[in-house]
Amino acid sequence: MSDRSPPFTALRAVEAASRHRSFTGAARELQITHSAVSQSIRRLETDLGATLFERRGGAMEPSTAALRLAETYSQAQEALNRAIREIADPEGLEALVVAMPEALARQWFSFKLRALGLALPDIEIEVRTRLDDPAAGVRLAWVPASDPDAVYELSHVPVCHPDLVRTLAIQSAQDVVRAPLIAGPDADWTAWAGHFLPGRRAPRAHAFDDAGLALDAATHGSGVTLANLFAAERYIESGQLMALPFEAPSGRALAVRAEGFRAGGASDRFVSWLKLEIRRGSARLQAPADSTRNVSQT
């Protein structure tokens, strides 16, 4: 493909489908047909010789290659849009108030500020932790997984120090509950065990009333704790913890609601960035290190 122009139409479809995990959602956003999205992506897969999406349940799950293309396209699109805005209004700067739960802001969003600044340098974000703040242009909230505004369903994932996996030879869900367990306030080992090991007696665990403390204990090799993407991503990215491939549904999701929505406006661009950042983090959570790629799910 080196002698051809980049396939911008197909890349735009990949970026939208990666955020929505749906060709239908991408088609609706781009105001084209489902068939047009599907055909564009399939042609690109053929040209690249790579799989970009796989159907998983009711969703089209983006591959690592798709997420890389989506991120690169998003950055290129933002750079072009920024150049246009700077030419039209050299002094232009948008402000956006975002309301979100305090734990989400502390555990995850504060960790994303550098990436946000690189992606959206002309938007000043003010984070507020009062969800009913009347000034908020975007609101993030925990909701039941069935909520129509849900953009990402939380799962509970066991995480621990990489050395503990090797020391205890963790290969299955049964091995997980035999390890020292650490409980936090946001995840229930009983419910997790019921998902993978129905009928088993509830496992015992040392407990913390703060999720951060439970994760900190796990980084010291004290045991296995349950976490979700937003609590654990920075620990996994730094190599302090690794995710084990035993995700259980939580029944909860993150919802995003935008006020005064305007296509191309600060809210629109922030929400698009947020969805893609969540998909990238989710892919990292679902791709454990090489030492556990072949563990059994039994």
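Residues numbered from 1 in each chain as written. Predicted model: local features only at pLDDT ≥ 70, side-chain atom pairs only at ≥ 80, totals over all residues. Heavy atoms only, no water.

1. A word on the packing of helix α1 (residues 8-20) against helix α3 (residues 34-48)
At a closest axis distance of 9 Å, the pairing of α1 and α3 adopts a crossing angle of 110°. Comparing their axes, α3 and α1 come out roughly perpendicular. Between α1 and α3, the residues in contact are Thr 9, Ala 10, Leu 11, Ala 13, Val 14 and Ala 17 and Val 37, Ser 40, Ile 41 and Leu 44, respectively. Of the residues contributing to the contact of α1 with α3, the split by class is 8 nonpolar, 2 polar and no charged. (Axes fitted to C-alpha atoms, helices over the stretch in contact; angles between N-to-C directions. Helix = DSSP H or I, 4+ residues; strand = E, 2+ residues; numbered from the N terminus. Parallel < 35°, antiparallel > 145°, perpendicular 65-115°, else oblique. Contact = heavy atoms within 4.5 Å. Nonpolar A, V, L, I, M, F, W, Y, C, P; charged D, E, K, R; others polar.)

2. Side note on the nonpolar core
By size, the foremost hydrophobic cluster in this structure holds 24 residues, and its most contacted members are Val 138, Leu 140, Phe 230, Phe 270, Leu 274 and Ile 278. Within the residue set of this core, elements represented by two or more residues are β3 (94-99), α5 (102-107), β5 (138-144), β6 (150-160), α11 (229-238), β11 (248-258) and α12 (266-285). If you tally residues by element for this core, the top one is α12, at 6 residues. Beyond its immediate chain neighbours, meaning those up to four positions away, Phe 230 contacts Leu 104, Gln 107, Trp 108, Trp 142, Tyr 152, Leu 154, Leu 254 and Ile 278. Formed by 22 residues, the second largest nonpolar core is a distinct cluster that contains Leu 164, Leu 181, Trp 192 and Met 242. (Core = buried A, V, L, I, M, F, W, Y, C linked by side-chain atoms within 4.5 Å. Buried < 20%, exposed > 50% of the residue type's maximum accessible area, 1.4 Å probe, protein only.)

3. Some points on the pairing of strand β9 (residues 224-227)
Residues Val 224 and Leu 226 of β9 are buried on one face, and the alternating residues Thr 225 and Ala 227, pointing to the opposite face, are buried as well. Bridging between strand β7 (residues 181-183) and β9 involves 2 bridges; their strand directions are parallel. Pairing of Leu 181 across the sheet is with Val 224, part of β9. (Pairing = 2+ DSSP bridges.)

4. Describing the pattern of salt bridges
Within the structure shown, the criterion is met by 20 salt bridges. Of the charged contacts in the structure, one is a salt bridge between Lys 112 and Glu 233, with a shortest N-O distance of 2.8 Å. With a gap of 121 residues between them, Lys 112 in the loop between α5 and α6 (113-119) and Glu 233 in helix α11 connect regions that are remote in the sequence. Look at Lys 112 and you get buried, because its relative accessible area is 4%. Assessed through its relative accessible area of 2%, Glu 233 is described here as buried. Glu 259 is the partner of Arg 139 in a salt bridge, and the nearest nitrogen-oxygen pair spans 3.4 Å. A residue pair is termed long-range when its members are at least 10 positions apart, and Arg 139 in strand β5 and Glu 259 in the loop between β11 and α12 qualify at 120 residues. (Salt bridge = Lys/Arg side-chain N within 4 Å of Asp/Glu carboxyl O.)

The quantities given are spatial measurements derived from coordinates; they are silent on function.
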